[in-house]
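# Observations on chain architecture
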Amino acid sequence: MKALFLVFAQLSHTHFWIDGTDREVQGNWFWEWTGEQIAPMYTNWHTAGNEPNNLGGNEHCLEYGPVYGYQWNDIPCSHHFSAICEKD
């Protein structure tokens, strides 16, 4: 547990991709890897920022990080972040 805490502390100012996208149909969010629809099963949008807001008409990827209180934000897919992945 201590090692996990240390890794998290080192990454606490980092944004991460978490595989969600609405590139196919605006506002229709899917997990890219599995093709499963995200909502209504689970969402964690940053409501204080009215997310997802598709700011500029080009926010089609899902990020997670401390700036949004570890809630979700839509952002352009061209940004370069690390990814949080699931392993089977």
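Going by the structure above, here's the rest.
We now turn to the structure provided with this report. None of the values given here were measured: they were computed from a predicted structure.

Scanning the protein chain from N- to C-terminus turns up one helix and five strands. Ordered by position in the sequence, the α and β elements of the protein chain form the string α-β-β-β-β-β. In the protein chain, which comprises 88 residues, the proportion classed as buried is 30%. Across the protein chain, the fraction of contacts at a sequence separation of at least 24, relative to all contacts at a separation of at least 6, is 52%. If you sum the accessible surface of the protein chain, you get close to 6300 Å²; carbon and sulfur atoms cover 58% of it.

Looking now at the packing of aromatic side chains. Each aromatic ring pair is specified by the distance between its two centres and by the angle formed by the two planes. Within the structure shown, the criterion is met by six aromatic pairs. Arranged with centres 5.9 Å apart and planes meeting at 80°, the rings of Trp31 and Trp72 form a pair that is edge-to-face. Linking Trp31 in strand β2 (residues 30-31) with Trp72 in strand β4 (residues 71-75), this pair joins segments that are 41 residues apart in sequence. Consider the rings of Tyr64 and Tyr70, whose centres lie 5.5 Å apart with planes at 55°: the pair is tilted. Assessed through its relative accessible area of 25%, Tyr64 is described here as partly exposed. Its relative accessible area of 26% is what places Tyr70 among the partly exposed residues.

Bringing the pattern of salt bridges into the picture now. In the structure shown here, the tally under the stated rule is one salt bridge. For Arg23, the salt bridge goes to Glu32, with nearest N and O atoms at 3.3 Å. According to the relative accessible area criterion, Arg23 is partly exposed, its value standing at 48%. According to the relative accessible area criterion, Glu32 is partly exposed, its value standing at 46%.

On to the state of the cysteines. Going through the model one piece at a time under the given rule, you end up with one disulfide. For Cys61, the disulfide goes to Cys77, at an S-S distance of 2.0 Å. When the S-S torsion is 100°, as for the bridge of Cys61 with Cys77, the disulfide is right-handed. Of this pair, Cys61 sits in strand β3 (residues 61-65) while Cys77 is found in the loop between β4 and β5 (82-83), placing the two residues 16 residues apart along the sequence.

Glancing now at unusual backbone geometry. Residue Pro52 is bonded to the preceding Glu51 through a cis peptide linkage, with omega at -5°. Here Pro52 is to be found in the loop between β2 and β3. One non-glycine residue with positive phi stands out, namely Asn54, at about 50°. Take Asn54: it is sitting in the loop between β2 and β3.

Cut-offs applied
- Residues numbered from 1 in each chain as written.
- Predicted model: local features only at pLDDT ≥ 70, side-chain atom pairs only at ≥ 80, totals over all residues.
- Heavy atoms only, no water.
- Helix = DSSP H or I, 4+ residues; strand = E, 2+ residues; numbered from the N terminus.
- Buried < 20%, exposed > 50% of the residue type's maximum accessible area, 1.4 Å probe, protein only.
- Contact = heavy atoms within 4.5 Å.
- Areas by Shrake-Rupley, 256 points an atom, 1.4 Å probe, with all protein chains shown as cover.
- Phe/Tyr/Trp six-rings, centres within 6.5 Å; stacked < 30°, edge-to-face > 60°.
- Salt bridge = Lys/Arg side-chain N within 4 Å of Asp/Glu carboxyl O.
- Disulfide = S-S within 2.5 Å.

Purely geometric stuff here, so don't read any function into it on its own.
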